[in-house]
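Chain by chain, the residues run as shown.
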Amino acid sequence: VRSRRQRQMCIRDSAMTVDGTHVPWWPDDASVRAYFCNHKGWYSLNVLAWVSCFYTFIDAEIGWAARVGDSVMVTYSGMLQRLQNDREAWLGKRGFVVGDGGFGLGDMMLVPYRSPSNKMQKYFNFCISSTRFFVEETFGRWKNCFHQLQDYQYCNQRHMCWIILSMMICHNM
C-alpha cells in the first residue's frame, strides 16, 4: 500500500520515465522475421527509452525483437545498472523512475496499481498516467520530426539501430 507521501511525490520527485515503442523495419533475413513481427502484425524493432521531463532521451535500448516485452529490456538495460550503482547521482535524493504496469523494479520505480479498488488508488493511477504522458509525447515529437521512423526501412539490423540512435541524438539537440 502506497502512503500519502508517496502519492504526493508522484509528480514532484519523478526524475525520468521509461517506456517502449516500435519502429517499423523489414528484416532482410526471412528466418528471423517471426521474432520481429509485433502484436499488431507488422515488423518492427523494439526501442526502450529512458526519457527526462524535458522531452529528451537519457538512454535507450535499441534493436530488440518486437516480441520482447519492455520489462525484459529494462532488466538487461545498461541504464538500470547505472541507476542501481549510483541512484542518487541519476535520480536525486528522493527521486524515482515512473513506469507503466509492466515494470516493477522495487523502490526505484513507481508503477500504477494493476486493479485499483478505491478512490485513492484510482487517483494515484491518474497521477502516474499524467506523469508518464511526457514519455509518450516525446515519442510522438521524435517520430513526427523524423518521418523515416514511421515507414518500413529496408536495411540490416545493425544499420537500423545506428539510424535510430542518431535520430535520438538529433532530437535531443
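Residues numbered from 1 in each chain as written. Predicted model: local features only at pLDDT ≥ 70, side-chain atom pairs only at ≥ 80, totals over all residues. Heavy atoms only, no water.

## Considering the overall build of the protein
Next up, step 1: If you tally the helices and strands in the protein, you get six helices and five strands.
Next up, step 2: When the helices and strands of the protein are placed in sequence order, the string is α-β-β-β-α-α-α-β-β-α-α.
Next up, step 3: Relative to the 2.2 N^0.38 estimate, which gives 16 Å for 173 residues, the radius of gyration of the protein is 17 Å and therefore close to what a compact globule would have.
Next up, step 4: If one aligns the C-alpha atoms of the protein with their principal axes, the spans along those axes are about 50 × 35 × 30 Å. (Helix = DSSP H or I, 4+ residues; strand = E, 2+ residues; numbered from the N terminus. Rg over C-alpha atoms; globule rule 2.2 N^0.38 Å.)

## Observations regarding unusual backbone geometry
Backbone phi values are negative for most residues with the exception of glycine, while trans is the configuration of most peptide bonds.
Next up, step 1: The phi dihedral of Y55 falls on the positive side, at around 60 degrees, and the residue is not glycine.
Next up, step 2: Inspection of the secondary structure assignment puts Y55 in the loop between β2 (44-51) and β3 (57-65).
Next up, step 3: Of the residues examined, Y55 reaches a relative accessible area of 25% and is grouped as partly exposed. (Buried < 20%, exposed > 50% of the residue type's maximum accessible area, 1.4 Å probe, protein only.)

## Digging into the confidence of the model for the protein
Next up, step 1: Within the protein, residue pLDDT values average 81, and 90% of them lie at 70 or more.
Next up, step 2: Within the protein, no element has a lower average pLDDT than helix α1 (residues 4-12), which sits at 48, and none a higher one than helix α6 (residues 157-172), at 91.
Next up, step 3: The model gives residues 6-11 a pLDDT under 50, and that stretch makes 15 contacts with residues more than four places away or in other chains. (pLDDT = per-residue confidence, 0-100. Contact = heavy atoms within 4.5 Å.)

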